Amino acid sequence: MLQNKLSYAFPIEASDFTKAGDAAGKIKKILKLAGLPATVIRRVAIIAYEAEMNIVIHSVGGSLSLDLTSTRVEMASQDNGPGIPDIDLALQEGYSTASDEVRALGFGAGMGLPNIRRNADHFCIQSEVGVGTNLEVWIDIGVS
Amino acid sequence: MKLQEICELLQADVLVDYDSDAEAFTACGSDLISDILRFIKVETVLLTGLTTLQMIKAAQLLDVKAIIFVRGKRPAKEVEEIAKKNDLPVLCTKLPLFEACGCLSRHGLKGCSEYAVQEDEHVAE
């Protein structure tokens, strides 16, 4: 069991579909090395991937952070805009503002934020148009 | 179902090989990454017509047993190399997605649905 909190940060570039997904892959490796249960790793990996892709697809750039404690995995994403005008709408399954180019890559299902919320034990999102979006989630270790 | 049997049923080419005893218990077919992240189960094979690097990364993230490209699609060499480097088996079948999924379903491989539809539910009276 972890005695101290482990913290990591991952800068995410906008529109870089070659590197996209790498941060989520690194986060998954960190959790595997820490010996977390497979169910927790899977939930965090999905959250990390969706959060990362949201920054890549919808923002002008931002970052992901991971804090690992003995009781839970905490993740946060922040971006520098453009912000979400209607968060309730963005949380509806199937709603997407992804461009046709992005949809051609397999994105734009409108399941990103809903997938994050579904896999999180705590979910908080705040956004201001013209400023950016902050997302905070945690996953309790030992709760599948 | 053994990957070997899946390969034979779909008459698939093997781009990245699998262990002879590798097995999957469910299958998921989609070209939308977030739908896959939503519905896919563990111990599964992923069928898709999307041969992008991102599909490989999503498959790795979910620890899928194999990715099966349908409709005769083949990934770019660099995408195939990344799958190989990460020990992700890659198969290619000429069957379209619906037919490939239907074939595996008929032979007993389960899907990723969370509810069951009665077989006669949609039959007109």
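Note that the coordinates shown come from a computational prediction; the quantities given were computed from them, not determined experimentally. (Residues numbered from 1 in each chain as written. Chains lettered and ligands numbered in written order. Predicted model: local features only at pLDDT ≥ 70, side-chain atom pairs only at ≥ 80, totals over all residues. Heavy atoms only, no water.)

## Describing the side chain of Ser30(B)
Residues and elements named next belong to chain B. Within the secondary structure layout, Ser30 lies in the loop between strand S2 (26-29) and helix H2 (33-39). With relative accessibility at 11%, the residue Ser30 sits in the buried group. From its side chain, Ser30 meets the backbone nitrogen of Leu32 in a polar contact 3.0 Å long. Setting aside chain neighbours within four positions, we find Ser30 in contact with Asp35, Ile36, Leu47, Thr48, Met55 and Leu97. (Helix = DSSP H or I, 4+ residues; strand = E, 2+ residues; numbered from the N terminus. Buried < 20%, exposed > 50% of the residue type's maximum accessible area, 1.4 Å probe, protein only. Polar contact = N/O pair within 3.5 Å; in protein donor to acceptor, adjacent residues only side chain to side chain. Contact = heavy atoms within 4.5 Å.)

## A closer look at the layout of surface pockets
For the largest pocket, the calculated volume is near 840 Å³. Considering the residues around the largest pocket, the lining is formed by 28 residues, among which Lys28(A), Lys29(A), Gln60(B), Leu61(B) and Asn86(B) are closest to the centre. Breaking the lining of the largest pocket down by element, the ones donating at least two residues are helix H1 (22-33) of chain A together with helix H3 (53-61) and helix H4 (77-85) of chain B. The element contributing the most residues to the lining of the largest pocket is H1(A), with six residues. A class-by-class count of the residues in the lining of the largest pocket yields ten nonpolar, five polar and 13 charged. Together, 34 residues line the second largest pocket, and Asn54(A), His58(A), Ile84(A), Thr97(A) and Leu113(A) are the ones closest to its centre. Secondary structure elements with two or more residues in the lining of the second largest pocket: helix H2 (38-58), strand S3 (72-79), helix H3 (87-90), helix H5 (112-119) and strand S5 (132-140) of chain A. For the lining of the second largest pocket, the element with the most residues is H2(A), which contributes seven residues. (1 Å grid on protein atoms, 1.4 Å probe; cavity = no way out; pocket = protein on both sides within 12 Å on 5 of 7 lines; lining within 4 Å. Points joined across faces, edges and corners; volume = space filled by probe spheres on them. Nonpolar A, V, L, I, M, F, W, Y, C, P; charged D, E, K, R; others polar.)

## Let's talk about the pairing of S5(A)
Residues and elements named next belong to chain A. Relative to S5, S3 runs antiparallel, the two being bridged by seven bridges. Within S5, the residue paired with Ala76 across the bridge is Glu136. Examined bridge by bridge, strand S4 (residues 122-128) and S5 share seven bridges and lie antiparallel to one another. Across the sheet, Gln126 pairs through a bridge with Asn134, a residue of S5. A loop of three residues connects S4 with S5, the two strands running antiparallel in sequence, and Gly130 in this loop sits at a positive phi of about 90 degrees. (Pairing = 2+ DSSP bridges.)

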